[in-house]
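# Structural overview
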Amino acid sequence: MTTTIYNTDCIKGMADKLAENSVDLVVTSIPFGALFMYSGKNEDIGNNHDDAEFMDWSNFGLHMRFWTEQLLRVMKPGCNVCIHVQQLLKYKNQHGYMGRRDFRGAVINIMERGGFEWKGEVAIPKNPQAMAQRMNLHCLLFITGKKNARQLAMAMNDYVLIFQKPGECANPVPAIRDEKINPAGWLTTEDWIKWARGVWDDVHETDVLDGYRSARESDQEKHVCPLQLEVIRRCMLLYSNPGELVLDPFMGIGSVAFVAVQNKRNAVGFELKESYYQQCLANIAKAERDLLDDAPLLNLCKESEK
Ligand SMILES: C[S@@+](CC[C@H](N)C(=O)[O-])C[C@H]1O[C@@H](n2cnc3c(N)ncnc32)[C@H](O)[C@@H]1O
């Protein structure tokens, strides 16, 4: 098994480093504009002003058009892209009223325009009490309900959106055989009975890799939100076979590569920010140490744009 990670912009990185029709599965979380700041770099997709919308003409939409163009090129036909998204908020001072921004819908739109087919989705609920405290969200607070319950609104879910590159799949994930689904990928019928529900409410919010706070470059910086390992594992077992290539274009601290090593998939990924990239290296090395006897070869490629 090999894990190859690059400290560079994923759009240029995919163009330079990945061959056409070479990737079996993508699992990733897309950075969203103007909310979290990961780095000061122009290529950081999270640094775009997207206003209330995520339209073609916004910088975010423009970046994403180049991104989907590369993604479509590198994916194998009939293979899947799993994108984790958060629904976003509107703020009174910024957007005119307190409410919601449909990032989920925007990503579906961007991906379909980029040539992918939208195949499905799963909602991942979050704890409303924790969210109310962490974000001081008025729409969730008792005090709001006591004043005017019309202002109450439910907690936003996260989603994993599932897309597919059109075309004949040359390497299907094996179909149902006896009590096992995808025996090569180690997915059982029991797993599928649980996971086929469109809501995964058994995922723990804290099931994430360590190191996401210390990987910040300054205390002022917001930290990256790592994707829950169990969400990644389910996507990987569902949509890939062992030994196949899994890509994460926006690696953060390397959660997707970590799960790929654990589940004997090859991994490739890009991360723009040096300190997160360093944390990726540490996390992948840990996954390898945990495997011990069967350690895959970690093939580190570090590229800076300078
Ligand atoms: C939502 S976070 C990913 C978190 C990741 N799933 C994890 O579990 O750690 C998005 C990441 O994309 C990175 N990023 C933003 N623009 C990028 C680009 N153009 N190329 C590569 N990485 C980029 C950010 O630095 C950030 O670490």
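Heads up: the structure comes first, above all this text.
The paragraphs below set out a description of the structure included in this document. From a predicted model like this one, the values you see are computed outputs, not experimental measurements. (Residues numbered from 1 in each chain as written. Predicted model: local features only at pLDDT ≥ 70, side-chain atom pairs only at ≥ 80, totals over all residues. Heavy atoms only, no water.)

On to unusual backbone geometry, then. Unlike most non-glycine residues, asparagine 21 shows phi in positive territory, near 50°. On the secondary structure map, asparagine 21 appears in the loop between α1 (10-17) and β2 (23-29). In the Ramachandran plot, lysine 264 falls in the positive-phi region, its phi being about 60° despite a non-glycine side chain. Structurally, lysine 264 can be placed in the loop between α9 (255-262) and β11 (266-270). The exposure class of lysine 264 is partly exposed, given its relative accessible area of 29%. (Helix = DSSP H or I, 4+ residues; strand = E, 2+ residues; numbered from the N terminus. Buried < 20%, exposed > 50% of the residue type's maximum accessible area, 1.4 Å probe, protein only.)

Take the packing of α1 against helix α2 (residues 59-74) next. Across the interface, α1 lies against α2 with an axial gap of 9 Å and an inter-helix angle of 25°. Looking at the two axes, α1 sits roughly parallel to α2. The interaxial crossing formed by α1 with α2 has left-handed handedness. For the pair formed by α1 and α2, the contact residues are Cys10, Ile11, Met14 and Ala15 on the first element and His63, Phe66, Trp67, Gln70, Leu71, Arg73 and Val74 on the second. In terms of residue class, the contact of α1 with α2 is built from eight nonpolar, two polar and one charged. (Axes fitted to C-alpha atoms, helices over the stretch in contact; angles between N-to-C directions. Parallel < 35°, antiparallel > 145°, perpendicular 65-115°, else oblique. Left-handed = near helix turned anticlockwise from the far one by under 90°. Contact = heavy atoms within 4.5 Å. Nonpolar A, V, L, I, M, F, W, Y, C, P; charged D, E, K, R; others polar.)

Our focus in this paragraph is the side chain of aspartate 248. With respect to the element layout, aspartate 248 can be found in strand β10 (residues 245-248). Buried within the structure, aspartate 248 lacks any salt-bridge partner; its nearest side chain of opposite charge belongs to arginine 265, at an N-O separation of 14 Å. A polar contact is formed between the side chain of aspartate 248 and the side chain of threonine 28, at a distance of 2.5 Å. Not counting chain neighbours up to four residues away, the residues in contact with aspartate 248 comprise Val27, Thr28, Val256, Val268, Gly269 and Phe270. (Lys, Arg positive; Asp, Glu negative; His and termini not counted. Salt bridge = Lys/Arg side-chain N within 4 Å of Asp/Glu carboxyl O. Polar contact = N/O pair within 3.5 Å; in protein donor to acceptor, adjacent residues only side chain to side chain.)

Most of β11 sits out of view: five of its five residues are buried. Covered by surrounding structure in β11 are Asn266, Val268 and Phe270 together with Ala267 and Gly269, the residues of both alternating faces. Where strand β1 (residues 2-6) and β11 come together, four bridges link them in parallel fashion. Bridge pairing in β11 places threonine 4 opposite valine 268. Here four bridges tie β10 to β11, and the two strands are oriented parallel to one another. Following the sheet pairing, aspartate 248 is matched in β11 by glycine 269. The handedness of the β10 to β11 crossover, carried by α9, is right-handed. (Pairing = 2+ DSSP bridges. Right-handed = clockwise from strand over helix to strand, strands pointing away.)

The subject of this paragraph is the pattern of salt bridges. One pass over the structure, following the stated rule, counts ten salt bridges. Between glutamate 230 and arginine 233 there is a salt bridge; the shortest N-O distance is 2.9 Å. Of this pair, glutamate 230 and arginine 233 both sit in helix α8 (residues 229-239), three residues apart, which is roughly one turn of the helix. By relative accessible area, arginine 233 is classed as partly exposed at 29%. Taken together, the salt bridges that share partners define one network made up of Asp202, Glu230, Arg233 and Arg234.

Let's shift gears to the packing of aromatic side chains. Across all of its chains, the model carries three aromatic pairs by this definition. Considering the side-chain rings of phenylalanine 60 and phenylalanine 103, the 5.8 Å spacing of their centres and the 55° angle between planes classify their relative orientation as tilted. Of the two residues, phenylalanine 60 is situated in helix α2 and phenylalanine 103 in helix α4 (residues 103-113); the sequence distance between them amounts to 43 residues. The buried category is assigned to phenylalanine 60, whose relative accessible area is 1%. (Phe/Tyr/Trp six-rings, centres within 6.5 Å; stacked < 30°, edge-to-face > 60°.)

We now examine the state of the cysteines. Evaluation of the coordinates by the stated rule reveals zero disulfides. In this model cysteine 169 remains outside any disulfide bridge; the closest cysteine sulfur is found in cysteine 79, 4.4 Å from its own. Judged by relative accessible area, cysteine 169 falls into the partly exposed class, the value being 25%. Free of any disulfide, cysteine 235 has its nearest neighbouring cysteine sulfur in cysteine 82, separated by 3.9 Å. Relative accessible area serves as the criterion here: at 3%, cysteine 235 is assigned to the buried category. (Disulfide = S-S within 2.5 Å.)

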